[in-house]
Each structure stands twice: as C-alpha cells, then as structure tokens.
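As a plain string of letters, each chain reads:
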Amino acid sequence: MTTGKQMILGMHLGNGYGSQTSAWRAPGVDPANYTSFDAQVRYAQAAERGKFAFLFLPDFLGEQADLTRESLMITLEPMMTLAAIARETKRIGLVATGSTTFNEPFNIARQFKALDVMSHGRAGWNAVTTSDPVAAANYGQAIAPRPQRYQRAHETIQITQALWGSWGRDAWVKNTTTGYFADPAKIQPINLQGEYVASRGPLSIPPSEQGQPVIFSAGGGANGMELAGRYASGVIGAVFTIEDARHQREALREAARRTGRDPDEVKFFAGVMPAIGATKREALDRRVALGELTAPARLPYLGAMLNLSAPLNVSQLDEPLTPAQLAAASPSPFDPRSVRALEVAREGWTIRDILAHGVIDYHPTPIGTASVTADHMQEWFEAGACDGFWVSIDINEDGIDTFVDEVVPLLQERGLYHEDYEGTTLRDHLGAPAQYGLDDRIAASAE
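Computed from a predicted structure; not experimentally measured.

(A) Seen up close, empty space enclosed by the protein. Summed over the entire model, instances satisfying the criterion amount to four cavities of 30 Å³ or more. Empty space within the largest cavity amounts to approximately 170 Å³. For the largest cavity, the lining is made up of 15 residues, of which Gln20, Arg287, Gly291, Arg298 and Leu355 are closest to its centre. Secondary-structure elements contributing two or more residues to the lining of the largest cavity are α8 (280-290), α9 (295-305) and α12 (351-356). Residues that form the lining of the largest cavity fall into these classes: five nonpolar, six polar and four charged.

Given below as structure tokens:
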C-alpha cells in the first residue's frame, strides 16, 4: 500500500494546555500551566519519544482572547520556551515564528543562531510577515501595504542568512598552545543595505552542527508562495481537503522550481487536530466537554457556514437540525470547512456534536479511535497532499502521549513513519540540503 516514502511529523506547541481554548479546564490539567516551562518541557519530551521531527511554536504579536473563559493560545515567549526545551531534549527540532515586519535582521539572526548552537543544530525559523493592526499598535506602528511588507521580508531573510554565514566555518581556531582563538580574516562584515533593513555584521556566533537554522514559512497567497519557494525547507499549511492540499503543495514546488531549487527540498505539512477515544462517542464526548462553555457562542458562525437564514437557537444545542433546516442548508462559499460541516449535520448529530466534530476548528479533525487518525493521515499522505503533518493536540497533558502510544505505532506498522531518528539535526530530519550563509542559487537568481 505504501510507496516507500515516509511522512515527517511536527508537533504544535502553544500555551501549555492544548489547541482547544478550554483545555486549561480539562481534568488532570494544571490551570497554571500557561506559565510552566516544566510542562512545556514534558510535552516536548513526549513528542520526542514519538520521534517527531520538530516542535512548532506559532506566535501572534497582537493576540487577543475573551479571557473570561478562554486561555491565550500562544506561549509566553517562543525563543525562551525553546531554549528551556533545548536543554532537556536531544533530537527533536525547535521551530519558532519570528516576524520579519517587527524585527531587525540582526536580532533574528542572533537569537535563532544562538538557539541553533545551544541545541546542537535543531533550530528553525518560521519567517512570516505581520498584517495585524493590533500587533502593529504594540510596536507603535501602522501596517505597511503588502508589497512593502513582503519586500522587507525578502531583505530580512537574505540579510539574516548572510549574517548566519559571517563567522566562517573554520574561523574558530581555539588553539590553546599557540594562543590563537579565532581567525579575524574569516569573520567578515556583510555590509548589506536594503530598502527597508540593513546590517553591517558580522554575527559573532560560529556554525552549529547543521551550519545554520532551517527556514520555515506559513504564509499564503502569491507573495507567501514566492517567499516559501525561494527560502523555505518546511511550509506549515492550513488546508481542509486533499484537493486543496495537493494544489498548495504543487504551487509551492513550482515556486521552488522558478528559483532554481529542487522542489523536493520544500516539505509541505498539513495540519491535523485529532480527537482520539476508545470509541467515536468517547472521542466526541471529550470534545463536547471542551466545548461546554464555548458552544453557544459558536452557533452564529455555524449557522453562517450552513447558509441558514434563521439563526440557530441555544435551546436546540442538544438536538439535530430540523428537516426544514437541513433542507435549507447549503455550504457557504466563503468557508472551505462548510462542506464538512453540512456533511456532519446531515448524519443526524446534535448541534453540540456537530461542533464537537471540529467543523469550526482550523484543521481537519478525525474523530474516533487511533486508527481513524492514522487512516486520515495515510489517505492524505499517499494521495500526495503533503509530505507530513503538524499535529495539534486538543489537551497536551494526556493527548500527546495518546498520539505517541496509539497513532504512531499504527503508522510505523504500515511503513509510513520511521522507527527512530536517522540523524541528529533538523536538516537531517527534513532531508534539507546543507547551507551556510545566503544560498548561492538564491543570490544568483536575485541578481
């Protein structure tokens, strides 16, 4: 059934609770985990036990939430969190988001390469632009138009990569006999000046075991595709169907080809948010409990997804849609999740159960036993929809272990997933080519 290829897995790590906003209230979860680096380390170690290639920490500089009931979803600070994790893990990659809009290249280069050295070659930078006005306000700025933001992103990535290579590979002599610490001739300024950012350099950090951090991307649209195709070795996707995932993956591969890169260098990761239980009912009940306080507030959005003219009523939460509602329902053309929402509604589930199916979650949600999640992942992978997945667990405290103990063995038995790490660095895990400094091919194509 398999082609011999094996999928690559990343684990979404956020606020210390899980991907669901009510996970902080779940049984067995310490509600103070938002500030617990020990909890984050424990979850990272569980993912490493499952031979995950990397942890992925998103970041939203203007994050807002209804804190009366819901937790914030982002870690206290990604780089500090990964530094703590780096000291307590050995193999798993460490990928954090860093905005090219509100950071200077020298700061990014220094932070990520220091993490790369600290972790012995396991760091990755998810390079993104920021378009949120709330985030801009935190920096006392306004959001620039898209062309300017992406031009700044290109300049920031290129200058950062040049800084990463500004300390020569063999510059650090450290000869105690001769007293020769380093060769200044091999530690050179980069003197790069762009339209929006610049840096003199050099960056005084020697290479890690993988040379320099790996670039990731999570942007969409034509500009995001170009950025990913030009620089990224890993792309974090947000897709809801196999067809959409195939389309995005091929668009990324074509973007890489246009810059002279081998498209196999760019790995596309689809998201998955599994709900795992001994039975489908048990898995649904887990999600129902998590949605106890949020389900009423989601009714208007569900109604819009189903194109219902009359609003859904809270009194109907524990009942299915009526025959009249089902007859009037149709998938909204404005939300790719709506087809799945209507499909679940037509199966006769209560509205509360429809929501528990994850129809408003931001990635597909396989519901049921571990084999349901494994089947979903196998279907997408073998259809060429992705090179792997970034897995977003509902409740980290028990959910990561459940995935590692129940889903991972199924994938391994089917020959879809490795038994152990084959290398020590993030580049090893991704099959990403060696790089030190700005990629010569990219520099040539940019001239």
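Right, picking up where we left off after that structure.
(B) Layout of the pairing of strand β9 (residues 214-217). The alternating pattern of β9 places Val214 and Phe216 on one face and Ile215 and Ser217 on the opposite face, and all of these are buried. Here β9 runs beside strand β10 (residues 234-236); their pairing, made up of two bridges, is parallel. Across the sheet, the residue bridging to Ser217 is Val235, located in β10.

(C) Looking closely at the packing of helix α2 (residues 78-86) against helix α3 (residues 105-118). Contact geometry of α2 with α3 gives a least axis separation of 10 Å together with a crossing angle of 10°. One way to sum up the angle between α2 and α3 is to call them roughly parallel. In this structure, α2 uses Met79, Leu82, Ala83 and Ala86 to contact α3, whose residues at the interface are Gln111, Phe112, Leu115 and Met118. Of the residues in the contact of α2 with α3, the class split is seven nonpolar, one polar and no charged.

(D) The environment of Gly168, seen in detail. Along the chain, Gly168 turns up in the loop between α5 (146-164) and β5 (172-175). For Gly168 and Ile187, which are 19 residues apart along the polypeptide, the C-alpha to C-alpha distance reads 5.7 Å. What Gly168 contacts, discounting residues up to four positions off in sequence, is Lys186, Pro207 and Tyr436.

Conventions we followed
- Residues numbered from 1 in each chain as written.
- Predicted model: local features only at pLDDT ≥ 70, side-chain atom pairs only at ≥ 80, totals over all residues.
- Heavy atoms only, no water.
- 1 Å grid on protein atoms, 1.4 Å probe; cavity = no way out; pocket = protein on both sides within 12 Å on 5 of 7 lines; lining within 4 Å.
- Points joined across faces, edges and corners; volume = space filled by probe spheres on them.
- Helix = DSSP H or I, 4+ residues; strand = E, 2+ residues; numbered from the N terminus.
- Nonpolar A, V, L, I, M, F, W, Y, C, P; charged D, E, K, R; others polar.
- Buried < 20%, exposed > 50% of the residue type's maximum accessible area, 1.4 Å probe, protein only.
- Pairing = 2+ DSSP bridges.
- Axes fitted to C-alpha atoms, helices over the stretch in contact; angles between N-to-C directions.
- Parallel < 35°, antiparallel > 145°, perpendicular 65-115°, else oblique.
- Contact = heavy atoms within 4.5 Å.

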